[in-house]
Amino acid sequence: MPETLDTLAQSLSDAVVNMDEERTRELAIAVVDLGLNPLAAIERGLVDGMNRAGKLFETEEYFIPELLLCSDAMYAGLEVLRPHLPNASEVKKHKIVIGVVEGDTHDIGKNLVKILLDAAGYEVVDLGRDIEPKRFVETAIREGARVIALSTLMTTTMDAMADVVRLLAEGNLRDRFKVIVGGGPISQAFADRIGADGYAASAPAAVKLVQRLITEPA
Amino acid sequence: MHSRDKMTPLQRLTAYGRGQSIDRLPCVPIVGNTAARLIGAKVSAFRGDGKAIAEAQIAAYERFGYDVIRVFTDLYTQAEAMGAKVHYPENETAYLEAPAIEAIEQIGLLKPADPWKDGNLPQHLDAMKRVVSALGKEVAVTGALTGPFTTASFLIGTETLVRLSLKKPEAVHQLCEVAYQTSLAYAKAILEVGCVPSLTDAMSSSTVISPRQFREFSLPYLKRLVDFIHRNGRAVTLHICGKTHPIWTAMVETGADTLSLDNAASLQDAKRAVGHEVRLMGNVPPSEVMLEGTPASVRHEVRKCVRQAFDNPKGYVVASGCSLPVETPFANIDAMMDAVREIGWPVNPSDLEAA
């Protein structure tokens, strides 16, 4: 049976869900070799697979190890396909600046959110971990981001989240960005108290939150 | 012993275990680094200073009158003694700066720690010895023992470890085994200074790994540690943070006598699932309620927890869901203790419904 875009996209999606990095890479190369549409292969293959993995994570069939290996496969495929995207197909994506706030180095939660935001089609600027408040603000301005996403697992660093919101307000920039917070000790009540725009309890919920905030009128 | 209590914590826990009458339910706000504030010290003063840890823990117990003293500063002490780099901020809980090794080829370089020599373990043992000598006759004193899977995550890095759990399980077992050897040596030393090891295994949470991975990489090593402690005639508490409902049965299979549950778990569900086999402990939210709440909201949460678990067949200890944040207001810790004193014993569930 000749490989069509439909069958390859389905195979790519399956390879991502099955955490098979090698197979994903081979299938992505096949897409390129056959001259098929790389953007469609990304969206209907890699991203579809990562979304399925995210659903399995929500239903507790997949856990963090599985989700990380699925994302390894997705990124391996993206590495092959991205250079073949025609420039015209680059739709303008919303940018999100993400990082773990100063005083904390636990970054698995942040990484999961980044992976799922990537898969959802956002452009994610990942600052990493132990990031001081003003770097979030500076980066968001420079990048023209819509959302600033702050993560922590340590209660001692929660004040640094409030500092980000305060810095934005002091610079009369508060309306330009949506600020979202998450991590073990964080709650909706905390988000409300520091004046953040939203809180999500899990990585998939963070993606839904971003989608809601971005479509909402400013 | 606290002026508002009628029994010492040891008398209370002993009587409770025998099904005899007590003055109130046992209660443990899990005070770790918060204790520094009781002696006007910064958290960083605990580094390498067993005397400071002991003085702070003794002062915290005397102020609040809770039922178990747990000598604990952070989860990294065993990994640090094996070569992991830990960062100590001035007045916050320490965090991992860099794992001990970077690649599986280096696993062979790891050696089990000597608790009397390596890292800050000798100072923690010194702290335990001092607390036992000051208060051992009236209150149970435990020393935190980090689970092998969690220590393994600090030895090679958490993301690396969880990827290996699917790709190279034998490497994960090697790491857990060497971490277990450190845990075992440390458990022996903790018992030698007259303390009881109290197991804590954050990374084994279902928030991180699957129940199947828990059975493969956490359960066997935890069980060996629990067996060892039991052979020494002591009961063991096992604390795992985050989601744990998929592994309650497996946690019971470790042999632990008490499961300490995070507020991400439901005490009521845990009671139904495993309450006939283990005592439960938990789970007033440490951040949302203990740190950010008021004495009134603390009281409300304590009553909610008690309502769910006071009739647990194997018993119930009111506790925070995890170690308290450093800046937890003392008034909220007092409110937690007072709420339990107010409920008293025997617990009358209809009293709990009102207010």
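The text that follows walks through the structure, step by step, so that each part is easy to find. (Residues numbered from 1 in each chain as written. Chains lettered and ligands numbered in written order. Predicted model: local features only at pLDDT ≥ 70, side-chain atom pairs only at ≥ 80, totals over all residues. Heavy atoms only, no water.)

## Re the overall build of chain B
Summing up its helical and strand segments, chain B has 14 helices and 10 strands in all. A compact globule built from 355 residues would reach a C-alpha radius of gyration of about 20 Å, and chain B, at 19 Å, matches this within 12%. Counting only C-alpha atoms and orienting by the principal axes, one finds that chain B spans roughly 60 × 40 × 40 Å. Of all intrachain contacts in chain B linking residues separated by at least 6 positions in sequence, the fraction that spans at least 24 positions is 71%. For chain B, the computed accessible surface area is about 12900 Å², with 50% contributed by carbon and sulfur atoms. Taking the 37 positively charged and 39 negatively charged side chains of chain B as two groups, their mean positions are separated by 4 Å. (Helix = DSSP H or I, 4+ residues; strand = E, 2+ residues; numbered from the N terminus. Rg over C-alpha atoms; globule rule 2.2 N^0.38 Å. Contact = heavy atoms within 4.5 Å. Areas by Shrake-Rupley, 256 points an atom, 1.4 Å probe, with all protein chains shown as cover. Lys, Arg positive; Asp, Glu negative; His and termini not counted. Charge placed at Lys NZ, Arg CZ, Asp CG, Glu CD.)

## Some points on the overall build of chain A
Helices and strands together make up the secondary structure of chain A, namely nine helices and five strands. Helices and strands appear in chain A in the N-to-C order α-α-α-α-β-α-β-α-β-α-β-α-β-α. Radius of gyration (C-alpha) of chain A: 18 Å, near the 17 Å computed for a compact globule of 218 residues. Once the C-alpha set of chain A is aligned to its principal axes, its extents read approximately 60 × 40 × 25 Å. Every one of the 218 residues in chain A was classed for burial, and the buried ones make up 55%. (Buried < 20%, exposed > 50% of the residue type's maximum accessible area, 1.4 Å probe, protein only.)

## A short note on empty space enclosed by the protein
Once rolled over the atoms, a probe with the size of a water molecule shows which space is left empty. Residues and elements named next belong to chain B. In total, this model carries two cavities of 30 Å³ or more according to the counting rule given. In this model, the largest cavity occupies a volume close to 110 Å³. In terms of lining, the largest cavity is formed by 14 residues, of which the most central are Phe46, Arg47, Thr73, Asp74 and Tyr88. In the lining of the largest cavity, the residues fall into five nonpolar, six polar and three charged. Lining of the second largest cavity is provided by Val71, Phe72, Thr73, Asp74, Thr77, His124, Met128, Ala144 and Tyr186. Here the residues of the lining of the second largest cavity sort into five nonpolar, three polar and one charged. (1 Å grid on protein atoms, 1.4 Å probe; cavity = no way out; pocket = protein on both sides within 12 Å on 5 of 7 lines; lining within 4 Å. Points joined across faces, edges and corners; volume = space filled by probe spheres on them. Nonpolar A, V, L, I, M, F, W, Y, C, P; charged D, E, K, R; others polar.)

## A few points about helix α10 (residues 267-274) of chain B
Given 3.6 residues to a turn, an α-helix orients residues that are three or four positions apart in the same direction. Residues and elements named next belong to chain B. Of the residues making up α10, those classed as buried are Leu267, Ala270, Lys271 and Val274. End-on, the buried residues of α10 take up no more than an arc of 105°, which puts them together on one face. In this fold, the buried residues of α10 make contact with α9 (248-253), β8 (258-261), β9 (279-284), α12 (295-309) and β10 (316-320). (Arc of directions from axis to C-beta.)

## Considerations on helix α6 (residues 158-167) of chain B
Buried within α6(B) we find Thr158(B), Glu159(B), Leu161(B), Val162(B), Leu164(B) and Ser165(B). Those residues of α6(B) that are buried lie in contact with α4 (64-81) and α5 (108-119) of chain A together with α5 (148-156), α7 (169-192) and α8 (211-231) of chain B.

## As for the pairing of strand β2 (residues 68-71) of chain B
Look at any regular strand and the pattern is simple: side chains alternate between the two faces of the sheet. All names here are of chain B. The alternating pattern of β2 places Val68 and Arg70 and Ile69 and Val71 on opposite faces, both of which are buried. Pairing of β2 with strand β5 (residues 140-146) involves four bridges; the strand directions are parallel. Its bridge partner being in β5, arginine 70 is matched across the sheet by threonine 142. (Pairing = 2+ DSSP bridges.)

## Describing the nonpolar core
Within the largest apolar cluster, 177 residues are counted, with the highest numbers of intra-cluster contacts made by Met50(A), Leu259(B), Val302(B), Val306(B) and Tyr316(B). A per-element tally of this core places α7(B) first, with 13 residues. Lining this core are residues from two domains, each supplying at least three of them: domain 1 (5-89) and domain 2 (95-215) of chain A. Beyond its immediate sequence surroundings of up to four residues, Val306(B) is in contact with Leu25(B), Tyr316(B), Val318(B), Ile343(B), Val347(B) and Leu352(B). (Core = buried A, V, L, I, M, F, W, Y, C linked by side-chain atoms within 4.5 Å. Domains from an automatic or database assignment.)

## Remarks on the packing of aromatic side chains
All names here are of chain B. The tally for this structure, following the rule as stated, stands at seven aromatic pairs over all chains. Note on tyrosine 61 and tyrosine 66: the rings are 6.2 Å apart at their centroids and 75° apart in plane angle, and the pair reads as edge-to-face. Note on tyrosine 61: relative accessible area 1%, which makes it buried. For tyrosine 66, a relative accessible area of 1% corresponds to the buried category. (Phe/Tyr/Trp six-rings, centres within 6.5 Å; stacked < 30°, edge-to-face > 60°.)

## Brief notes about the sheet that holds strand β1 (residues 27-28) of chain B
All names here are of chain B. Spatially, the eight strands line up as an open sheet ordered β1-β10-β9-β8-β7-β6-β5-β2, and their pairing is parallel. The sheet terminates laterally at β1 and β2, the two strands that pair on one side only. Judged from the three bridges that link them, β8 and β9 form a sheet pairing that is parallel. The residue bridging leucine 259 from the neighbouring strand is leucine 280, located in β9. Sheet strands in contact with helix α4 (residues 121-135) are β2 and β5, and its direction is about 160° off that of β2. Packed on one face of the sheet, α10 meets β8, β9 and β10 and runs near 170° to β9. (Axes fitted to C-alpha atoms, helices over the stretch in contact; angles between N-to-C directions.)

## What about the side chain of Thr142(B)?
Within the secondary structure, Thr142(B) sits in strand β5. Setting aside residues up to four positions removed in sequence, Thr142(B) forms contacts with Val68(B), Ile69(B), Arg70(B), Val71(B), Cys195(B), Val196(B) and Ser198(B).

## Some thoughts on the sheet that holds strand β2 (residues 123-126) of chain A
All names here are of chain A. On the basis of which strands lie adjacent, the open sheet formed by five strands has the order β2-β1-β3-β4-β5 and parallel pairing. Strands at the two margins of the open sheet, each flanked by one partner only, are β2 and β5 (198-199). Across five bridges, strand β1 (residues 95-100) lies against strand β3 (residues 147-151) in parallel orientation. Within β3, the position partnered with isoleucine 96 by the bridge is valine 147. In the packing of helix α6 (residues 133-143) onto the sheet, the strands contacted are β1, β2 and β3, and the crossing angle to β1 comes to about 165°.

## What to know about the interface of chain A and chain B
Across the boundary between the two partners, chain A contributes 28 residues, which contact 30 residues of chain B. Taken over both partners, the interface formed by chain A and chain B buries close to 2200 Å², and the fraction arising from carbon and sulfur atoms is 58%. When the buried surface of chain A facing chain B is broken down by residue, Phe63(A), Pro65(A) and Thr156(A) rank first, second and third, together holding 24% of it. For the salt bridge of Asp72(A) with Arg163(B), the shortest nitrogen-to-oxygen distance reads 2.6 Å. Here chain A is connected to chain B by nine residue pairs in polar contact (both at pLDDT 80 or more). Elements supplying a minimum of two residues to the side of chain A that touches chain B: α4, α5 and α8 (188-194) of chain A. In the side of chain A that touches chain B, the residues fall into 12 nonpolar, seven polar and nine charged. (Buried area = accessible area lost by both parts, 1.4 Å probe. Salt bridge = Lys/Arg side-chain N within 4 Å of Asp/Glu carboxyl O. Polar contact = N/O pair within 3.5 Å; in protein donor to acceptor, adjacent residues only side chain to side chain.)

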